[in-house]
Every structure is written in structure tokens, then in C-alpha cells.
Amino acid sequence: MTVTNYLANLIIPQNLCIALLVVGLVLGLFRLRKTGAAVAAAGIIWVAAWSLPVTSLWLGGSLEARYPHVAAAELPTADAIVVLGGNTANGRANWFLPYDKDTAIVRVDTALNLYRAGRAPKIVLSGGALEGDVSEARGMAHVLKQQGVPDTALLLENASRTTYENATQTEEELKEHGVKQVLLVTSALHMPRAMAAFAKQGIPAIPASTPPQIVLPADGSVSPWMPHMRTLEASRSIIKEYAGLLVYWLRGWV
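Keep in mind that this is a model prediction, so the values were computed, not measured.

K.L.:
I would appreciate a short explanation of the pattern of salt bridges in the present structure.
P.N.:
Two side chains that carry opposite charge are able to pair once their charged atoms sit near each other. Using the criterion set out here, one finds four salt bridges in the structure. In this structure, Asp151 engages Lys145 in a salt bridge whose closest nitrogen and oxygen atoms are separated by 3.4 Å.

The following block contains the structure:
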């Protein structure tokens, strides 16, 4: 487990709440009752805050807003489209609603729209195997070929496991094929870290975010101020991005 993932797992609301409750209990047993109560209260406040949709809308929405989704036809042309692996199998169109495979937001869909709009003649797929033997790049290539994208238009980078490796490994692939400017495809939430990592490698990238996912349903079924179970589930991804940005900055990767 990487430092980024360890940190993100530690501060997941439920995990941190349990950890702080245990610490508070131990402090109480050592007669540090006020300190223990404060620590336990901090854990409860943390999980309560992340159960409110307004927290996701504020913290996650601010990341999504940095590189908003733009229709394929409105983006400039480039030498290639780079698609980053990560949650390529599914992704709720709206984080506050149940998963629906018919409306799921998949990064290769955005890449396909860009390719069909003539934004670039090549698609670079970046992502190693997180589980099993099939890399994310190969999985995305299979989907694109089923949609009519010729094998000659696809370049695969099968080794990367992190956003930093996406950038470093893709740089080698781009240099080998003489690609100078790319359209970078990833989720709007992940785009700030991805753009920073690619900029660090000196890769001129134009953001091509997938549609935003952290938005209140139009039917008014979710109140921003009422606790919501799916908000807790979604908080992991938001926390991971902030933790990732911090770790990458500390390591000089962005």
C-alpha cells in the first residue's frame, strides 16, 4: 500500500471516527477524561460532517470546478488523447443516486467522443493491472475497439499504477511516437492532480474532463443538509484526491 492510499484509508470518516473513539476510550481509562472526550468528539464530528452532502459539494465540487467538462466539439485538436485508468469499470453519474450502468460515467466514453469529433488521431491508454493479469489499458482498448476504433489508433501503456506513474510512463510513450500535445481524459475530480503531474513531466496537456458527478439530483430528492449514506461512500474519493495532492507536493511530483 502506498503512502497516499494509507493516508486516505486512515482518514476515511468511518475509519478515523473508530480510531479516535478508541483513542478517546484509552485516554479515559488513564483518567484523561476531558482529553479523551475531546478526541472522541472530534471523531464523531468528522464522520458527521462527511455524511452531509454539502461537504462533498463544497470540497469535491471545488476540485471538479477547476477543470469543468467541455463538449468534445468545443475542445481544440491535439496530437493524441491520453486516457488515465482508474474506475474504468463503473462510475455513478451522480454520487447521490444509485449506480446505473446505463448512465455510468466511463472515461473511455469521453475519449471515444473526442476521437469521433476528430480532436486527435491517436488514443493513448494508460493503466497497469490493479488486480489479475489484464491491465486497465488493455481493458479500455477492448471497449474502444468494440466501438469501432481501429487498433492502429491505439497506444497502450500497461505498467503504471498511480497518477504519477501515468505521467512518467506516458511521457516515454509520447516521445517514442512524436506526440507533443495531448488531450488528457480523467474524471473532473481527479483532473487537478493529473494535470499537475503531467505538467511536472513537461507534457503540454489540455484538460478533457468527464462530466461532473458531485451535483445534487435535479429532482430535489437529496438535501445538502441532511445526512446521506452515499455521501459517506463518496467521501473516500474526495479525501483521496486531497491526500494525493498533499503527498505529491511533499514528494515534489507536482
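And the narrative resumes.
K.L.:
What should I look at first to understand the side chain of Thr186 in this one?
P.N.:
Note that Thr186 resides in the loop between strand S4 (182-185) and helix H8 (191-200). Of note is the side chain of Thr186, whose polar atom sits 3.2 Å from the side chain of Arg107. Only 2.8 Å separates the side chain of Thr186 from the side chain of His190, close enough to count as a polar contact. If near-sequence neighbours (up to four positions away) are discounted, Thr186 is found in contact with Leu84, Arg107, Met191, Ala194, Ala208, Ser209 and Thr210.

K.L.:
Teacher, can you tell me more about the packing of aromatic side chains here?
P.N.:
A ring pair, where both rings are aromatic, is described by two values, the distance of the centres and the angle of the planes. Under the defined criterion, the tally for this structure stands at three aromatic pairs. Consider the rings of Tyr164 and Trp253, whose centres lie 4.0 Å apart with planes at 10°: the pair is stacked. Highlighted residues: Tyr164 in helix H7 (residues 163-176) and Trp253 in the segment after helix H9 (229-251), separated in sequence by 89 residues. Overall, the relative accessible area of 25% leaves Tyr164 in the partly exposed class. With centroids separated by 5.1 Å and ring planes inclined at 75°, the aromatic side chains of Tyr248 and Trp253 adopt a geometry described as edge-to-face. The two residues Tyr248 and Trp253 agree in class, both being buried. Following the ring pairs from residue to residue traces out a cluster consisting of Tyr164, Tyr248 and Trp253. Its end group placed over the ring of Tyr248, Arg193 keeps NZ or CZ at 5.1 Å from the ring centre.

K.L.:
I tried to follow unusual backbone geometry on my own but got confused; where do I start?
P.N.:
Note on backbone geometry: most residues besides glycine have negative phi, and most peptide bonds are trans. You will see that Arg31, though not glycine, has its phi angle at about 65°, which is positive. Mapped onto the secondary structure, Arg31 falls in the loop between helix H2 (13-29) and helix H3 (33-50).

K.L.:
When you look at the packing of H3 against H9 in this model, what are you seeing that I'm missing?
P.N.:
Helix packing for two helices is described by the angle between their axes and how far apart those axes are. Viewed as axis vectors pointing N to C, H3 and H9 meet at an angle of 100°, and their least axial separation amounts to 9 Å. Judged on the interaxial angle alone, H9 and H3 are roughly perpendicular. Contacts between H3 and H9 involve Trp46, Val47 and Trp50 on the former and, on the latter, Thr231, Leu232, Ser235, Ile238 and Ile239. Class assignment of the residues belonging to the contact of H3 with H9 gives a composition of six nonpolar, two polar and no charged.

K.L.:
Which parts of the structure should I look at to understand the nonpolar core?
P.N.:
Most often, soluble globular proteins have nonpolar side chains that are buried together. Judged by nonpolar contacts, the single largest core of 25 residues is most densely connected at Ile81, Val83, Leu114, Ile123, Leu125 and Leu144. Taken together, the elements giving at least two residues each to this core come down to strand S1 (80-84), helix H5 (107-116), strand S2 (123-126), helix H6 (136-146) and S4.

K.L.:
So what exactly am I meant to see when it comes to the pairing of S2 here?
P.N.:
Side chains Ile123 and Leu125 project from S2 onto one buried face, and the interleaved Val124 and Ser126 project onto a second face that is buried too. Pairing analysis gives four bridges linking S2 to strand S3 (residues 154-157), with the strands arranged parallel. The residue of S3 that forms the bridge with Ser126 is Glu157.

K.L.:
Looking at this structure, how should I read H6?
P.N.:
Note that an α-helix has 3.6 residues per turn; residues three or four places apart therefore point the same way. Every buried residue of H6 is accounted for by Glu136, Ala137, Met140, Ala141 and Leu144. Looking straight down H6, one finds its buried side chains confined to an arc of 135°; they lie on one side. In this structure, the buried side of H6 is in contact with S1, H5, S2 and S3. Where H6 terminates, the next one or two residues include Gly148, which has phi positive at roughly 95°.

K.L.:
What is the right way to look at the sheet that holds S1 in this model?
P.N.:
Sheet strands associate in pairs through backbone hydrogen bonding, adopting either a parallel or an antiparallel arrangement. Taken in spatial order, the five strands of this open sheet run S3-S2-S1-S4-S5, and their pairing is parallel. For this open sheet the edge positions go to S3 and strand S5 (205-207), each flanked by a neighbour on one side alone. This sheet shows a mean twist of 25° between the axes of neighbouring strands, independent of strand direction. Alignment of S1 against S2, held across four bridges, turns out to be parallel. Bridge pairing in S2 links Val82 to Val124. Docked against the sheet, H5 engages S1, S2 and S4, running at close to 175° with respect to S1.

Definitions and cut-offs
Residues numbered from 1 in each chain as written. Predicted model: local features only at pLDDT ≥ 70, side-chain atom pairs only at ≥ 80, totals over all residues. Heavy atoms only, no water. Salt bridge = Lys/Arg side-chain N within 4 Å of Asp/Glu carboxyl O. Helix = DSSP H or I, 4+ residues; strand = E, 2+ residues; numbered from the N terminus. Polar contact = N/O pair within 3.5 Å; in protein donor to acceptor, adjacent residues only side chain to side chain. Contact = heavy atoms within 4.5 Å. Phe/Tyr/Trp six-rings, centres within 6.5 Å; stacked < 30°, edge-to-face > 60°. Buried < 20%, exposed > 50% of the residue type's maximum accessible area, 1.4 Å probe, protein only. Lys NZ or Arg CZ within 6 Å of the ring centre and 35° of its normal. Axes fitted to C-alpha atoms, helices over the stretch in contact; angles between N-to-C directions. Parallel < 35°, antiparallel > 145°, perpendicular 65-115°, else oblique. Nonpolar A, V, L, I, M, F, W, Y, C, P; charged D, E, K, R; others polar. Core = buried A, V, L, I, M, F, W, Y, C linked by side-chain atoms within 4.5 Å. Pairing = 2+ DSSP bridges. Arc of directions from axis to C-beta.

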